[in-house]
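# Working through the structure, step by step
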Amino acid sequence: MSESLRGTGARSATGLGASLALASLLILPAVEPPRPGPPQPSDPTAEDDDHESQAERLRWLEELHRSAPGVDWRAIEEQNREAERLRRNALATGMLTPPPTGWTWEEVGSRNQAGHTRCAAYGPERPGGRRLYVGSANGGLWEANLDGGGWTPLSDELFGGVDEVVALAPQNLADPDILLMLQGSNLRRSDDGGLTWTQPSGSNMTTARALAVLPGPTPTVLLFGRSGSNTVLRASTDLGQTFQTRATWPTVWLGDLWVPQVGPNAGQDVFAYQDGVLHTSHDGGFTWSAGTSPATGSEGHLTGSEAGGGTVLYPVTRVGNSWVLHRSDDQGASYSGPRSLPEYWGSQHSLCAFSSDPDRLVTGGVNGFRSADGGQSWTQINSWGEYYSSPATKLHADLRGIDVHPHPSGPAFGDIVYFNTDGGTYRSTDYGATVQNLCLVGLGVGQFYSTRTDATDANRIHGGTQDQGYQTGNKVPSSGPGPSTSFVQIISGDYGHLTTHASGSLNRVYAPYPGFTLVISGGQSQTQQASFPPGSSHLWLPPVVADQQAYGSFFFCGRYLWRQSSPNWMASQHSTTDFGAGAGSYLSALAFSPVDPNLAWAANDAGRLWRSQDAGVTWTESPQGIPGSHYFYGNCLAPHPTDPLKVVASGSGYSTAGVRLSTDGGVTWAPLASGLPATLVYDVEWSIDQPDDLFAATEAGAYHFDAATQTWSNAMGSAAPATTYWSVERVPQGNLMRFGTYGRGIWDLVLGGDPDEVTRYCSPNMQNSTGLPGRLDLTGTVDASSVDLTLTASQLPPGQFGMFLCSRTPASIPFPGGAFGVLCLGSPIGRFQSSIQNSGPAGVMTHTVNLGAMPMQPMVAVQPGDTWCFQAWYREVLPIQGSNFTDALSVQFP
């Protein structure tokens, strides 16, 4: 549920009956019988060891961000991110108040399928214990205890991933740890637990390569990298608030920095691998001596060991397209090697040594490896496929960063190594011989390309992710902060563009993978792989669209439009139109009208748009007349749910409008980008509560288009994370817009209106001591067989008891039994006895209704065609002790 529900929970209500003056009106049934839980999906059934080419995926991402020559889309997005950082800081400090919307953000998950993490470090010793900090790819910085319990996001106010993190002790241990994290070339600092983030003075870098700390009573933070045409070392002695330059090399080379953390020279020695040469400083980086070069190359990484009384250094050098490892036992005067590195990807921190043993090394690429002889031989930790049967003790594929830290309990305990993978962070205390997954619960950093929700059940969700496979889950109410819902990964890999038949049933879903289209049947009980059409030219992750008129067919978007049908999924060319002729290479988006499936629209990767009136057999190109349209990568087409003449297209908006609208069936198009930042609009969808409003999922966040003002505005407020929003889905049955983010999992935006089957009355009721009237909301599926219908009472006085009531008839009874407010239910009235609970600090109560056991006398089940009314009662203490009511909802069950 939403963040406003945190801290609620059922408690006994001693003495409640004495204050409930209307008890005589209520039927007091036996304790409500437990609801049966939803069936659990099956375990993973398949694995795919065909990892995509990194180069192909990078080319695809570059294509998505199409822009005019000379336009730097990365620089534009950096400006967007900085603007959002400043907006979030203003919200956090009270300098800015977000406009009221009536919307509520809810974090869904995945709760148990962690995504891509990059770095890990623990904080200083403090009375409550040290904290573990983990940086993710695009989900920011998180903290937990050292065993991985209680994951909490710390930088939802800040875009981007975290490449390195250090935590410093504040001057007063009652204050939060001081956090410094490296995001690409930007260094960010927070001293208030992540509430606000600033850029330290003097920390600007063209390219940042390393962040390190010289230990000591007053630690020195070191920042190493490129500044203009030089390589520089900058240092901070005021806990990261300001930085000054300590050393400059007049060449630009992609080097690295390493400093010892323990031993007699810790706090003074600094080692830099720069321009192919090892450099040594014994005074904290002020003066340097140059050693010799282990190899001539274009890039270098460096790690070392403090063991044995001296310093053993391990430089890694990129020579051509290969990486070679050397060892130096005399601080760069001489070397042994070269030695091989299995699967080395070339990420910084892909190789680490240990302070407790100079011969121990760990490295990684697709899999993790360990060495006990300085890299002369290697042992694989486990095969990546073993993860799926033993996720708690086997490394996930793709190791993005490895961090080794001296054990916080002291030298006798050796070191801790953290493996950061595409499936979360692992810990090992035996040099990688065994590993423990620290992210089995609560680390919400999933990278979702797409979601699909069942048309009859807003809680039944399928999702396609990057490196966390195809996932299925059943949304559950939140029991506290963080993601609420666990998902099952039924097959590994990368999946997007989830699509279903017009019925919206998840009993047949199509989802492309780089190499085939996955066909999910029977909910998830059956999977098939449909080969791409032979010889087709297409994107790395090509769009597919379910045939809205034939349950067993889907369309494949390449240079031509193909149709594939069950049972063998053989491809036939559906249209002779060559979408790659002239400008562009292949189709990038396709959509059919939900009003008339013969109406279709298509877009390609070079901004061209087409329309069809015969279900996609023949096509007519539409002149756009919008400046810069050939720089528009058409990523999404969204037909209006009720008006066959309205359709929206979205895509790259760096050199042209990122959203455009047609009101004549695609004959002509007009820009629709007022208020929208220059960004890539991955997805766009029509709103539920306002039929001509829109929501967009963009590189710069989530945005809302108000049709009344014809303007876009930021939809994230302060509750939703600042990250990349890749997909948005309208879910009418839940009265919500469901977003898939690339780094923070699935988030629901619950809109303020009520479902069509629900009528709000007695609204507003009498104000309570908060100055607001109590409010009742309903989420879930409005159906007599529903198992997820949930009532939420909000805007209540904090810390007060209350309960939920029901009746077959409405009423209006002011001040019943001396209570404040109006009782809106007619007699007889049922009381959900198991719903008695405390409103908690947030002033919220929630209860999932068992429609098969309504608390009347005798107990009855809701039947199709029934109308039931609901209201919540709660205690009130100011200005005098008493009780009050929320408004009420009348629900017609179809």
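These lines cover the structure that appears in this document, whether it is placed above or below. Keep in mind that this is a model prediction, so the values were computed, not measured.

On to the packing of aromatic side chains, then. As enumerated under the stated definition, the model contains 33 aromatic pairs in all. When the ring of Trp60 is compared with that of Trp540, the centres are 4.9 Å apart and the planes differ by 40 degrees; the resulting orientation is tilted. Here Trp60 is found in helix α2 (residues 54-64), whereas its partner Trp540 is found in the loop between β38 (526-531) and β39 (544-546), with 480 residues between them in sequence. What makes Trp60 buried here is its relative accessible area of 4%. Residue class for Trp540 comes out buried when judged on its relative accessible area of 8%. Relative to Trp619, the ring of Phe579 has its centre 5.7 Å away and its plane inclined at 80 degrees; by these criteria the two rings are edge-to-face. Residue Phe579 is located in the loop between β42 (570-573) and β43 (587-592), and its partner Trp619 is located in the loop between β45 (609-612) and β46 (620-622); the two are separated by 40 residues in the primary sequence.

Moving on, we get to the side chain of Ser521. Tracing the chain through its elements places Ser521 in strand β37 (residues 516-521). A polar side-chain atom of Ser521 sits 2.9 Å from a polar atom in the side chain of Arg508. When near neighbours in sequence (up to four residues on either side) are disregarded, Ser521 contacts Asn507, Arg508, Gln526 and Gln528.

Before going further, it helps to spend a moment on helix α3 (residues 73-92). Compared with the 28 Å implied by 1.5 Å per residue over 20 residues, the 29 Å span of α3 between its first and last C-alpha is a close match. Among all positions of α3, only Trp73, Ile76, Glu77, Asn80, Glu84, Arg85, Arg87, Arg88, Asn89, Ala90 and Leu91 are buried. Contact partners of the buried residues in α3: α2, β10 (186-190) and β54 (711-714).

Another aspect to go through is the sheet that holds strand β5 (residues 132-136). The antiparallel open sheet is built from four strands, whose spatial order is β4-β5-β6-β7. Edge positions in the open sheet fall to β4 (117-122) and β7 (152-153), since each of these has one partner strand only.

Bringing the sheet that holds strand β31 (residues 448-454) into the picture now. Spatially, the four strands line up as an open sheet ordered β31-β32-β33-β34, and their pairing is antiparallel. The open sheet has two edge strands with one neighbour each: β31 and β34 (487-491). Strand-to-strand, the axes of this sheet are offset by a mean angle of 25 degrees, without reference to chain direction.

With that settled, consider the state of the cysteines. Inspection of the entire model under this criterion finds one disulfide. For the unlinked cysteine Cys439, the closest cysteine sulfur is that of Cys119, found at 12 Å.

Moving on: the side chain of Asn382. Assignment of secondary structure puts Asn382 in strand β26 (residues 379-382). Asn382 gets classed as buried once you look at its relative accessible area, which sits at 4%. Within the local environment of Asn382, its side chain forms a polar contact with the backbone nitrogen of Leu395, the two atoms lying 2.9 Å apart. Excluding residues within four positions of it along the chain, Asn382 makes contact with Asn367, Gly368, Lys394 and Leu395.

In this section: the nonpolar core. Leu776, Leu778, Phe804, Met854, Trp868, Phe870 and Phe893 are the most contacted members of the largest nonpolar core, which totals 25 residues. Elements that contribute at least two residues to this core include exactly β59 (775-779), β60 (790-794), β61 (801-807), β67 (867-876) and β68 (882-892). Looking at this core, the element that brings in the most residues is β67, giving four residues. Once you skip the residues sitting within four places of it in the chain, Trp868 turns out to touch Cys806, Ser807, Arg808, Met854, Met856, Val860, Val862, Leu889, Ser890, Val891 and Phe893. Of all hydrophobic cores here, the second largest spans 17 residues; its members include Val362, Ile402, Val417 and Phe419.

Attention now goes to the environment of Asn321. Relative to the helices and strands, Asn321 is located in the loop between β20 (312-319) and β21 (322-327). Assessed through its relative accessible area of 73%, Asn321 is described here as exposed. Separated by 23 residues in the primary sequence, Asn321 and Ser298 place their C-alpha atoms 9.7 Å from one another.

Turning our eyes to something else, we now look at unusual backbone geometry. With omega at 0 degrees, the peptide bond leading from Ser763 into Pro764 counts as cis. You can see Pro764 is positioned in the loop between β58 (758-761) and β59. Across the junction of Ser827 and Pro828, the peptide omega takes the value 0 degrees, indicating a cis bond. You can see Pro828 is positioned in the loop between β63 (822-825) and β64 (829-831). Unusually for a residue other than glycine, Asp467 sits at a positive phi of about 65 degrees. Checked against the element boundaries, Asp467 lands in the loop between β32 (457-465) and β33 (470-474). When its relative accessible area of 7% is taken as the criterion, Asp467 is described as buried. We note that Phe815 has phi near 50 degrees; this positive angle belongs to a residue other than glycine.

Time to look at the pairing of strand β28 (residues 415-421). When a strand is regular, its side chains alternate between the sheet's two faces. Burial runs high along β28: seven of the seven residues are buried. Bridging between β28 and strand β29 (residues 424-428) involves five bridges; their strand directions are antiparallel. When the sheet's bridge partners are listed, Phe419 is paired in β29 with Tyr426. Count of turn residues in the β28/β29 antiparallel hairpin: two residues.

Moving on, we come to the environment of Gln767. Within the secondary structure, Gln767 sits in the loop between β58 and β59. Residue classification places Gln767 among the exposed residues on the basis of a relative accessible area of 53%. Through-space distance from the C-alpha of Gln767 to that of Leu796 is 9.5 Å; in sequence the pair is 29 residues apart. When neighbours within four sequence positions are excluded, Gln767 is seen to be in contact with Leu772, Pro773 and Asn884.

Counted by the stated rule, this structure contains 32 salt bridges. Here Glu106 and Lys475 are joined by a salt bridge, their closest N and O atoms 2.5 Å apart. In this pair, Glu106 sits in strand β3 (residues 104-109) while Lys475 sits in the loop between β33 and β34, placing the two residues 369 residues apart along the sequence. When the shortest N-O distance is used, the salt bridge between Asp191 and Arg189 registers 3.4 Å. In this structure Asp191 comes out as partly exposed when scored by relative accessible area, which is 43%. The buried category is assigned to Arg189, whose relative accessible area is 8%. Sharing partners across several salt bridges, the network here consists of Glu106, Lys475, Arg738 and Asp748.

Each value, and the rule that gives it
Residues numbered from 1 in each chain as written. Predicted model: local features only at pLDDT ≥ 70, side-chain atom pairs only at ≥ 80, totals over all residues. Heavy atoms only, no water. Phe/Tyr/Trp six-rings, centres within 6.5 Å; stacked < 30°, edge-to-face > 60°. Helix = DSSP H or I, 4+ residues; strand = E, 2+ residues; numbered from the N terminus. Buried < 20%, exposed > 50% of the residue type's maximum accessible area, 1.4 Å probe, protein only. Polar contact = N/O pair within 3.5 Å; in protein donor to acceptor, adjacent residues only side chain to side chain. Contact = heavy atoms within 4.5 Å. Expected span 1.5 Å × (residues − 1). Pairing = 2+ DSSP bridges. Axes fitted to C-alpha atoms, helices over the stretch in contact; angles between N-to-C directions. Disulfide = S-S within 2.5 Å. Core = buried A, V, L, I, M, F, W, Y, C linked by side-chain atoms within 4.5 Å. Salt bridge = Lys/Arg side-chain N within 4 Å of Asp/Glu carboxyl O.

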